[in-house]
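Summary of structural features
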Amino acid sequence: MLLHSSPRVSRTQSDDVSWQLKEIQAFLKVQQVELQELRQEVKQQQQQASNSDTILPTICNQIDVANVSLKKHVDVALAAQAELNAHRFEKFKAEEQRAEKAKQDRFTAAISSVVSSKLSSQLDKSVTAEVKTNVLPGLIRVFEPFKQQLQVDLSQKLGATDFVLKENIRKMIQSKATVDAIGQAAGSALQATVQQAYLDSFHRTVIPAFDRACQNLFGQMNAIFQRGTREYTQQLESYCQKQHKIQQEAKDPVVAELHSQVEAFQKSAERLSSQLLTDLQGHVDKQVTATMETMQESITSTITAAVKHELEIALKDQKAFIGESFVSALRSGAATPVPQIQSPIDITQQKAHIRHLLQQGQLNVAFQQALSAANLTLVIYVCECVQPASIYEQTPFPLQQPVLLSLIQQLSADLSTNTQLKHKYLEMAISNLDLDNQVTQEHVPTVVGSLRKKLQAYLESHPHGPLTQNMKMLLLAGNSCLYAPPH
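Remember, predicted model here, so these are calculated numbers, not experimental data. (Residues numbered from 1 in each chain as written. Predicted model: local features only at pLDDT ≥ 70, side-chain atom pairs only at ≥ 80, totals over all residues. Heavy atoms only, no water.)

**Focus on the overall build of the chain**
Along its length, the chain carries twelve helices and zero strands. Starting at the N terminus and ending at the C terminus, the chain contains elements arranged as α-α-α-α-α-α-α-α-α-α-α-α. Across the chain, contacts joining residues at least 24 apart in sequence account for 75% of those joining residues at least 6 apart. (Helix = DSSP H or I, 4+ residues; strand = E, 2+ residues; numbered from the N terminus. Contact = heavy atoms within 4.5 Å.)

**So, helix 9 (residues 401–411)**
For helix 9, the tally of buried residues reaches eleven of eleven residues, placing the bulk of the element in the interior. Within the sequence span of helix 9, burial applies to Gln401, Pro402, Val403, Leu404, Leu405, Ser406, Leu407, Ile408, Gln409, Gln410 and Leu411. (Buried < 20%, exposed > 50% of the residue type's maximum accessible area, 1.4 Å probe, protein only.)

**As for the packing of aromatic side chains**
Within the structure shown, the criterion is met by one aromatic pair. For the pair Phe367 and Tyr425, a centre-to-centre distance of 6.0 Å together with 50 degrees between the ring planes defines the contact as tilted. Of the two residues, Phe367 sits in helix 6 (residues 363–372) while Tyr425 sits in helix 10 (residues 419–431), which places them 58 residues apart along the sequence. Relative accessible area serves as the criterion here: at 0%, Phe367 is assigned to the buried category. Its relative accessible area of 0% is what places Tyr425 among the buried residues. Here the guanidinium or amino end of Lys351 rests over the ring plane of Tyr381, the centre of that ring lying 5.2 Å away. (Phe/Tyr/Trp six-rings, centres within 6.5 Å; stacked < 30°, edge-to-face > 60°. Lys NZ or Arg CZ within 6 Å of the ring centre and 35° of its normal.)

**Looking at a nonpolar patch on the surface**
Nonpolar side chains collect at one region of the surface, where Leu123, Val127, Val131, Val135, Leu136, Leu139, Ile140, Val142, Phe143 and Phe146 lie side by side and expose about 890 Å² of accessible area between them. With respect to the helices and strands, the residue Leu139 is situated in helix 2 (residues 55–174). (Patch = residues over 30% accessible without salt bridge, like charges linked within 9 Å, V, L, I, M, F, W, Y side chains within 5 Å. Areas by Shrake-Rupley, 256 points an atom, 1.4 Å probe, with all protein chains shown as cover. Salt bridge = Lys/Arg side-chain N within 4 Å of Asp/Glu carboxyl O.)

**Topic: helix 10**
With 13 residues, helix 10 extends 18 Å between its outermost C-alpha atoms, agreeing within 8% with the 18 Å of an ideal straight helix rising 1.5 Å per residue. Of the positions making up helix 10, those classed as buried are Thr419, Leu421, Lys422, His423, Tyr425, Leu426, Met428, Ala429 and Ile430. On its buried side, helix 10 packs onto helix 6, helix 7 (376–385), helix 8 (388–393), helix 9, helix 11 (438–461) and helix 12 (468–483). (Expected span 1.5 Å × (residues − 1).)

**Quick look at the packing of helix 9 against helix 11**
In the contact formed by helix 9 and helix 11, the axes pass within 9 Å of each other and the chain directions differ by 15 degrees. Of the possible angle classes, the one that applies to helix 9 and helix 11 is roughly parallel. Relative to helix 11, the crossing made by helix 9 is left-handed. Facing helix 9, whose interface residues are Gln401, Leu405, Ile408 and Gln409, helix 11 presents Val439, Thr440, His443, Val444, Val447 and Leu451. Classifying every residue of the contact of helix 9 with helix 11 by side-chain character gives six nonpolar, four polar and no charged. (Axes fitted to C-alpha atoms, helices over the stretch in contact; angles between N-to-C directions. Parallel < 35°, antiparallel > 145°, perpendicular 65-115°, else oblique. Left-handed = near helix turned anticlockwise from the far one by under 90°. Nonpolar A, V, L, I, M, F, W, Y, C, P; charged D, E, K, R; others polar.)

**Details of the state of the cysteines**
On inspection of all chains with the given rule, the structure shows zero disulfides. Cys383 carries a free sulfur, and the closest cysteine sulfur to it, the one in Cys385, is 9.2 Å from it. (Disulfide = S-S within 2.5 Å.)

**Let's talk about the nonpolar core**
The biggest cluster of nonpolar side chains holds 47 residues, and the ones touching the most others in it are Phe367, Leu407, Tyr425 and Leu433. Elements with a contribution of two residues or more to this core: helix 5 (344–359), helix 6, helix 7, helix 9, helix 10, helix 11 and helix 12. (Core = buried A, V, L, I, M, F, W, Y, C linked by side-chain atoms within 4.5 Å.)

**Quick notes on unusual backbone geometry**
Negative phi is the rule for most residues except glycine; trans is the rule for most peptide bonds. Thr395 connects to Pro396 through a cis peptide bond whose omega is 0 degrees. Looking at where Pro396 falls in the secondary structure, it is placed in the loop between helix 8 and helix 9. Non-glycine residue Asn418 carries a positive phi angle of around 50 degrees. Counting through the fold element by element, Asn418 comes out in the loop between helix 9 and helix 10.

**Points about the packing of helix 6 against helix 9**
At their nearest, the axes of helix 6 and helix 9 sit 10 Å apart, and the two run at 40 degrees to each other. Classified by the angle between their axes, helix 6 and helix 9 sit oblique to one another. The crossing of helix 6 and helix 9 is left-handed. Between helix 6, through Asn364, Phe367, Gln368 and Leu371, and helix 9, the contact on the second element is made entirely by Val403, Ser406, Leu407 and Gln410. Class assignment of the residues belonging to the contact of helix 6 with helix 9 gives a composition of four nonpolar, four polar and no charged.

**What about the confidence of the model for the chain?**
Looking at the chain, the pLDDT average stands at 76 and 73% of residues meet or exceed 70. The low-confidence segment residues 1–9 (pLDDT under 50) makes five contacts with residues lying over four places distant or belonging to another chain. (pLDDT = per-residue confidence, 0-100.)

**Side note on the environment of Asn364**
Locating Asn364 in the fold gives a position in helix 6. What makes Asn364 buried here is its relative accessible area of 8%. Through-space distance from the C-alpha of Asn364 to that of Val403 is 7.4 Å; in sequence the pair is 39 residues apart. Here Asn364 is in contact with Pro398, Leu399, Gln400 and Val403, once residues within four sequence places are set aside.

This is the structure:
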């Protein structure tokens, strides 16, 4: 663009200069024409007034003044135009020089790049060929003796060094301190790895196997206990039937004898009057009734005492087993003590047993029975049978800490059903946890932590439910219980 634009500019300026020169030439021509006309007029006036000497000097003076003025104007115009033309010529010359210099610079750069590329490639080839043909063979001939001498020296020194190293290594291996240091270093290096390997093996193999074995053991113990309870109940029923049959058989001869006596009395009383017969029959009836009542009370008290004694023994064993099951279940973190499938007959029997315990006022045993059955239906059943207010009113508090922990764990497993009932019992259980109890301190982080997760999930799924505010209050109570410092 620069190469094409600068000639165009210079050409335009030269045209302007030539045009101005033409104007000046035209102006000069006009002035020359006017001068010639003035001269002709002067000549005519001189010819006309050749006789008058006074007019001629005046006219000559005027002509001289006009010539002087005209020369001054012409000189000033020519000087200004010459100065302008010189300035434009210098500017045009400077632009021409810059364009020429730029052109020469580009030409020089192109020539230098071409020359350097061609010369460098040719120079590299020639230098490489020269080094290969002349320099390298000379260097090889010069350094060959040094190479042989260096190899000899290195072989000698390496042989001596090898011997010394072998001797030092043999002495070091035979040294007891070195062996002990190597053993200690290997032991310290492998200790962490071996411990980690044992821990990984323990967590991956031993703990799962022990967990499965404990679950199987608890399942078998539960099945054996239920089967033993059923067998004991059957044996107790058969024993009661046998005792009732024995008492019935012992009662029949007495009744027969009494009937025979009554018949004898009736035969002897036939001779008496109707009044005596009526009195005697009434007396005999009273005696028979009293005898029957006495025998019935004796049999009932005997059977009641036997049944009560057997039930107390069975309930003590069951209470101990349920307590151990609660502790094991809480330590294992399971939602229910032992998962198992129960038949409707077993559930009905357990409900009847739980109802009987509640009627006797044994709330802790009833809740233990329901919680150890691994059936949330039984837990809901016993919660529906007992109002939390009635438990609050009892002093001391009837439910033990393992029962409260297991109740929290099982009721919080599913908060989508029976939510109001579960909220009441969870609130009661949280408010009655004894944080100074060792079992409670051990299992509160797991149980209450699981409750917090379930409550947060419920609040996320029911942000505007009717029990949302109550669940938030329960979550705050769980947090205070979880982060409360021990007394």
